[in-house]
Every structure is written in structure tokens, then in C-alpha cells.
Amino acid sequence: MNRRRSSSTRRPARGTRRRERAPRATGRLRLIAGIYRRRQLPVLDRPGLRPTPDRIRETLFNWLTGELSGARVLDLYAGTGALGLEALSRGARQACFVEADSDVAACLGTNLDTLGANGRVHRQAALDFLAGAPETPFDLVFLDPPFRQGHADDACRALEARGWLGEQAWIYLEVEHELTPAVPDHWQLHREVRAGDGIGRLYRRHASARP
């Protein structure tokens, strides 16, 4: 997941696959549990970009125990891809990563190849990606947009508008602590955790309660 808090944005080219040459990385991402447990992967040195802390990942995936086996996962604003990679390690069937920064996306693609994991990286702005049409709805979405840029509400609306979510999908949304996101009424808050200068909230979608 992306831990980038910079206000700057960069518009990428569309449609890149994951096997691009990645620039040299200086940081490390350690996977916590599952088939890739304790694997350490390189991550780029970018201002504000770092893996989601171990404590937050451990808490989140404890909440999701029993929900990951065979799941299709979408990691928006992926950054290091820490949450999507952790989900693959813990039994998710496949993961789609969306990252606008071409260098960060290339590094993430290289890490997927290193693990031999079933994932694909889209080098694209998240909202541009969500403007498309999904092949199959996702069971779990990680959504960690840049803070204080108004992305969260737009992304939540786009996930619903285009059919990206399964009927009982899980959505993990991380936003600045002062923001109360405008999520759809049929997303039920399951748990929340303080995450640095933000709040992480896990929602369960209940399509039957949709207005």
C-alpha cells in the first residue's frame, strides 16, 4: 500500500505490464506471514513512500482471517504494494496493483516476478483505472490515497459506479485522521485502527442493503 503523503501528482502512461526494468531500490519491505513469510523485497526511496507498518498489516490481516483464500484483490494507489503482496502471501488467488509512478510500478513488478506471485501492475492513475470496466468484481480492495487531495470520496464512488466490488467485498480505506469519508450507505464499518497520521477503516459491503 502507498504511504505517500506528498501533495504532488504525476500522470503516467497507460497499460504497462509489470516486467519493466526497475530503478535501483534502497529500502526494504518484509512480508510478515504466509508462503512468502520473512521474504525481504527492495522498495524505492521516495519522499513519503514506505511500506505500511508491520503493526498495521498484522492488525488488518488478523481482521481478515478466513477471508483471503482464493480472493481477488485490488490494491489502489499501491506504492510499495505491501498490502497486496501480503494478501497474496496469505492465500489470495490474484492481485491487481494500480500505481501512477512509473519507477515505483516497475519496482513492484520486479518484486512480483521475484516471488513468482500471481499479480499484475497497472501503471496508471487510480481514478483513470476505475473509469474502465472490470472483468470480474474484486473481493477485497485496499484504498490508501494521498492525504488531503480529495481522492478518497471519488475513489469510493467510482468503485461502486462501475461494478468493481463483489456483493460482500471488503474495503480497507486509509485516510487522514480528521476526515470522515463519504462512503456508500451499504458499506458497514467493521473495525478501525489509528495508522500514523491517519485512520485505517475496514468496511464490509452489503449489496442487499443498497438503496
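Rules and cut-offs
- Residues numbered from 1 in each chain as written.
- Predicted model: local features only at pLDDT ≥ 70, side-chain atom pairs only at ≥ 80, totals over all residues.
- Heavy atoms only, no water.
- Helix = DSSP H or I, 4+ residues; strand = E, 2+ residues; numbered from the N terminus.
- Pairing = 2+ DSSP bridges.
- Axes fitted to C-alpha atoms, helices over the stretch in contact; angles between N-to-C directions.
- Contact = heavy atoms within 4.5 Å.
- pLDDT = per-residue confidence, 0-100.
- Polar contact = N/O pair within 3.5 Å; in protein donor to acceptor, adjacent residues only side chain to side chain.
- Buried < 20%, exposed > 50% of the residue type's maximum accessible area, 1.4 Å probe, protein only.
- Right-handed = clockwise from strand over helix to strand, strands pointing away.
- Phe/Tyr/Trp six-rings, centres within 6.5 Å; stacked < 30°, edge-to-face > 60°.
- Lys NZ or Arg CZ within 6 Å of the ring centre and 35° of its normal.

**Notes on unusual backbone geometry**
The backbone phi angle of Y77 is positive, close to 50 degrees, even though this residue is not glycine. Following the sequence through the fold, Y77 ends up in the loop between β3 (72-76) and α2 (82-89). At R148, a position not held by glycine, the phi torsion is positive, near 60 degrees.

**Quick word on the sheet that holds strand β9 (residues 198-205)**
The strand order β5-β4-β3-β6-β7-β9-β8 describes an open sheet built from 7 strands, whose pairing is mixed. Looking at the sheet topology across the chains shown, the edges are occupied by β5 (119-123) and β8 (187-195). Averaged over all adjacent pairs, the angle separating strand axes in this sheet is 15 degrees, with direction ignored. Where helix α3 (residues 102-115) meets the sheet, its contacts fall on β4 (94-99) and β5, and the angle it forms with β5 comes to roughly 170 degrees. Packing of helix α5 (residues 151-161) onto the sheet brings it into contact with β3, β6 (138-143), β7 (165-176), β8 and β9, and relative to β7 it is tilted by some 175 degrees.

**Quick notes on the confidence of the model for the protein chain**
Looking at the protein chain, the pLDDT average stands at 86 and 85% of residues meet or exceed 70. No element of the protein chain has a lower mean pLDDT than strand β1 (residues 27-30), which averages 87, and none a higher one than β3, which averages 98. Note on residues 3-20: pLDDT under 50 across the span, and 59 contacts to partners over four residues away in sequence or across chains.

**Looking at the side chain of R72**
Structurally, R72 can be placed in strand β3. A distance of 3.0 Å separates the side chain of R72 from the side chain of Q94, its partner in a polar contact. Discounting chain neighbours no more than four positions away, the residues touching R72 are R93, Q94, T136, P137, F138, D139 and L140.

**Digging into the pairing of β5**
Extensive coverage of β5 is indicated by the burial of 4 of its 5 residues. With 5 bridges joining them, β4 and β5 adopt parallel strand pairing. From the neighbouring strand, F97 faces β5, where its bridge partner is V121. In this fold, β4 hands off to α3, which returns the chain to β5; that crossover is right-handed.

**Digging into α5**
Within α5 the residues assigned to the buried category are H151, A152, A155, C156, A158, L159 and E160. Taken together, the buried residues of α5 touch β3, α4 (126-130), β6, β7, β8 and β9.

**Quick look at the pairing of β7**
Counting buried residues along β7, 10 of its 12 residues qualify, which places the element largely inside the surrounding structure. Where β6 lies against β7, 5 bridges are found, and the strand directions are parallel. Pairing of F142 across the sheet is with Y172, part of β7. Crossover connection from β6 via α5 to parallel β7: handedness right-handed.

**Describing the packing of aromatic side chains**
Considering all chains together, one arrives at 4 aromatic pairs under this definition. Considering the side-chain rings of W187 and Y203, the 6.0 Å spacing of their centres and the 50 degrees angle between planes classify their relative orientation as tilted. Of this pair, W187 sits in strand β8 while Y203 sits in strand β9, and the two are 16 residues apart along the sequence. When sorted by exposure, W187 lands in the same class as Y203, which is buried. Through successive ring pairs, a cluster of aromatic residues spans F129, F138 and W164. In this structure, R72 is placed above the aromatic ring of F138, and the distance from its NZ or CZ to the ring centre is 4.4 Å.

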